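# Examination of the molecular architecture
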Amino acid sequence: MPLDSAAIGAFRASLRGDVLQPGDAAYDTTRKVWNEMVDRRPALIARCRGAADVLQSVRFAKTHGLLVSVRGGGHNVAGSAVCDGGLMIDCAAMKSVHVDPSARIARAEPGVTWADFNHETQAFGLATTGGVVSRTGIAGLTLGGGIGWLAGKYGYSCDNLRAADIVTANGELVRASSGLNSDLLWALRGGGGNFGVVTSFEFDLHVQPQMVYGGMVAWPFEAARDVLKFYGDICRDAPPDLAVNAGIIYTPDGHHVVALIAAWLGDIAEGEARLAPIRRFAAPVADMIGPLPYTALNMLFDGGNPFGVHRYWKSGYFAMLGDDLIDRIVEHAATTTSPLSAILLFRVDGACTQKEPSATAFSLREPVWDFDVIAQWTNPAEADRHVAWARRFWSAVEPFSRGVYVNHLDSDDPSTRVRAAYGENYARLAALKAKWDPTNFFRMNNNIVPG
Ligand SMILES: Cc1cc2nc3c(=O)[nH]c(=O)nc-3n(C[C@H](O)[C@H](O)[C@H](O)COP(=O)(O)OP(=O)(O)OC[C@H]3O[C@@H](n4cnc5c(N)ncnc54)[C@H](O)[C@@H]3O)c2cc1C
């Protein structure tokens, strides 16, 4: 059916939220996502206010044969939340979080960020595994896996997803739980945005004291080799309460440093003792470790990740941090082309590794480091040289990698990397895609092809 002004008017009238078109005042700000490189122009943006608006949006797009993209927090580096020419289903205004402290369950809508979620759950001394940047959306992060400070204790975010309400490709709202459509729940635990638009997420919560012990310690870049070796050692056999990530970054005043960003998630006095060896390692240029609120821990990476910056990522998992790999990391980090760019290593272990790979769509169940080369710059004319740096870096370390975190794939990563991310679970996911979305209606994502 053609898209004329009468059809758009009727669509607008069917929603509680707005429908934006090019030329509308809020159109350009609403189509923007975290990665400033992404500059796509949907024909329409539906700013949904609830599940009914999402249902209308999916049905409208089906009727008019429109490509659909779905926005949660807008953080995906590939910018898959926004499409060219189609309908962007924007869930950013769907922000309610309901906490049931006695059952230790939270229900949250898809526009909720981890800052929103932590604010509500920490009021009750509860939490679940979320992302390390507070503005990231719970939606895309959970559906793609979810690595964060609590992962070693409670598994990935998707492991803590108990149930979801989802608008599927046939334009109906269904429930996915262990008792209802359990195959769909399995797929949502890692299968990304392939199966529909989730309108409500239900998470298990855990007791998490409001104060933790942690922060960042930084050394001059010249110490990078030694610090990364030390980092590899402390991650080995680390108890679940200890979470340590590493980075090669620039400080706001322009110093190139290697940093460990660590937290002890249990008792503060014990944390002080457990993190002492990190603070004592060589002579740091900055030591910002101490007691801090759990909500603040989840904002430590916010400063380096503002909206409005151009970026390009390359990512993969390393099972070992051997000397050869560290040499290559340090060699290429030395040639960084922008003071906004960074190298990050996130440790994955503990509870994440205590399930079978087939237990959830998310298949990585062995201890690894998630490694990210993050090129960031502000002048669009400089894109080529920063992208080239990230690609050079990645080709040097790729031989040491195996697999990739689907949420860290960029727009030019080939579909073979999506398959690699799911490993042996890909065939089951493709069959479930054929069941729940046979026409590949939801394809602005790390796409699982119906099979
Ligand atoms: C600064 C930064 C920090 C990050 N930190 C972490 C981290 O600590 N841990 C981690 O695991 N990952 C992290 N990530 C990666 C993150 O998990 C992905 O970028 C994720 O896609 C972001 O989710 P979003 O809702 O913000 O994204 P969006 O860009 O809004 O959405 C991304 C995709 O998710 C799907 N999607 C979104 N909403 C819905 C919905 N309601 N229903 C169905 N599908 C939906 C769609 O396919 C959409 O294209 C980080 C990313 C950035 C940019």
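Structural notes, computed from the coordinates. (Residues numbered from 1 in each chain as written. Predicted model: local features only at pLDDT ≥ 70, side-chain atom pairs only at ≥ 80, totals over all residues. Heavy atoms only, no water.)

Right, let's talk about the pattern of salt bridges for a bit. Note that side chains of opposite charge can pair when their charged atoms are close. Overall, the coordinates contain 26 salt bridges when judged by the stated rule. Two residues, R47 and D18, come together in a salt bridge whose shortest N-O distance is 2.8 Å. Of this pair, R47 sits in strand 2 (residues 44–47) while D18 is found in strand 1 (residues 18–20), placing the two residues 29 residues apart along the sequence. With relative accessibility at 36%, the residue D18 sits in the partly exposed group. Taking the shortest distance from any N to any O, the salt bridge between K314 and D413 comes out at 3.1 Å. Residue K314 is found in strand 17 (residues 310–318), and its partner D413 is found in the loop between helix 12 (383–397) and helix 13 (415–422); the two are separated by 99 residues along the sequence. Taking relative accessible area as the criterion, K314 reaches 7% and is therefore assigned buried. Overall, the relative accessible area of 14% leaves D413 in the buried class. (Salt bridge = Lys/Arg side-chain N within 4 Å of Asp/Glu carboxyl O. Helix = DSSP H or I, 4+ residues; strand = E, 2+ residues; numbered from the N terminus. Buried < 20%, exposed > 50% of the residue type's maximum accessible area, 1.4 Å probe, protein only.)

Turning our attention to the packing of helix 11 (residues 323–333) against helix 12. Closest axis-to-axis distance for the helix 11/helix 12 pair is 9 Å, and the angle between their directions is 170°. Judged by the angle between their axes, helix 11 and helix 12 are roughly antiparallel. The chirality of how helix 11 crosses helix 12 is right-handed. Of the residues in helix 12, those touching helix 11 at L325, R328, I329, H332 and A333 are W389, R392, F393, A396 and V397. Split into classes, the residues belonging to the contact of helix 11 with helix 12 amount to 7 nonpolar, 1 polar and 2 charged. (Axes fitted to C-alpha atoms, helices over the stretch in contact; angles between N-to-C directions. Parallel < 35°, antiparallel > 145°, perpendicular 65-115°, else oblique. Left-handed = near helix turned anticlockwise from the far one by under 90°. Contact = heavy atoms within 4.5 Å. Nonpolar A, V, L, I, M, F, W, Y, C, P; charged D, E, K, R; others polar.)

Let's shift gears to the site of the ligand. Taken together, 33 residues form the shell around the ligand, and within it G72, G74, S80, I147 and Y405 come nearest. A distance of 3.0 Å separates an oxygen atom of the ligand from a polar backbone atom of N76. At a separation of 2.9 Å, an oxygen atom of the ligand approaches a polar backbone atom of G137. Sorting the residues of the shell around the ligand by element identifies strand 3 (68–71), helix 5 (138–144) and strand 10 (197–204) as the ones contributing at least two each. Tallying contributions element by element places helix 5 first for the shell around the ligand, with 4 residues. Taken together, the residues of the shell around the ligand sort by class into 15 nonpolar, 17 polar and 1 charged. (Near = heavy atom within 4 Å. Polar contact = N/O pair within 3.5 Å; in protein donor to acceptor, adjacent residues only side chain to side chain.)

This part takes up the nonpolar core. Within the largest apolar cluster, 45 residues are counted, with the highest numbers of intra-cluster contacts made by Y231, L260, I278, I329 and F371. In terms of nonpolar packing, the next biggest core, distinct from the first, is built from 40 residues, A106, I138, W186 and I448 among them. (Core = buried A, V, L, I, M, F, W, Y, C linked by side-chain atoms within 4.5 Å.)

This next bit is on the pairing of strand 6 (residues 105–108). Here strand 5 (residues 97–100) runs beside strand 6; their pairing, made up of 4 bridges, is antiparallel. The residue bridging V97 from the neighbouring strand is A108, located in strand 6. Hairpin connection, strand 5 to strand 6: the antiparallel pair is bridged by 4 residues, and R104 has positive phi, about 55°. (Pairing = 2+ DSSP bridges.)

Moving on: the packing of aromatic side chains. A full pass over the atoms with the stated rule returns 16 aromatic pairs. Members of the aromatic cluster, joined through ring pairs, are W114, F117, F201 and F203. Sitting above the plane of the W34 ring, R311 keeps its charged end 3.5 Å from the centroid. (Phe/Tyr/Trp six-rings, centres within 6.5 Å; stacked < 30°, edge-to-face > 60°. Lys NZ or Arg CZ within 6 Å of the ring centre and 35° of its normal.)

This brings us to helix 12. An ideal rise of 1.5 Å per residue puts 21 Å on 15 residues; helix 12 measures up with 22 Å between its terminal C-alpha atoms. Burial in helix 12 covers these residues: A383, H386, V387, W389, A390, F393, W394, A396 and V397. Structurally, helix 12 contributes buried residues whose contacts are with strand 17, helix 11, strand 18 (342–348), strand 19 (368–377) and helix 13. (Expected span 1.5 Å × (residues − 1).)

A word on the sheet that holds strand 3. Across the sheet, 4 strands lie side by side as 1-2-4-3; this open sheet has mixed pairing. One side of each edge strand has no neighbouring strand; the edge strands of this open sheet are strand 1 and strand 3. The sheet shows a mean angle of 20° between the axes of neighbouring strands, direction not considered. Direction of pairing for strand 3 relative to strand 4 (residues 87–90): parallel, over a ladder of 4 bridges. Directly across from S69, in strand 4, lies its bridge partner M88. Packed onto the sheet, helix 1 (residues 5–13) meets strand 1, strand 2 and strand 4 and runs at close to 15° relative to strand 2. Across the sheet, helix 3 (residues 51–63) lies against strand 2, strand 3 and strand 4, angled at about 170° from strand 4, the strand it touches most.

Attention now moves to the side chain of H332. Residue position: H332 is located in helix 11. When its relative accessible area of 15% is taken as the criterion, H332 is described as buried. If near-sequence neighbours (up to four positions away) are discounted, H332 is found in contact with W389, R392, F393 and A396.

Moving on, we come to the state of the cysteines. Counted by the stated rule, this structure contains 0 disulfides. Left without a disulfide partner, C235 is nearest to the cysteine sulfur of C352, which lies 13 Å away. No disulfide involves C352; its sulfur sits 8.5 Å from the nearest other cysteine sulfur, which is in C158. (Disulfide = S-S within 2.5 Å.)

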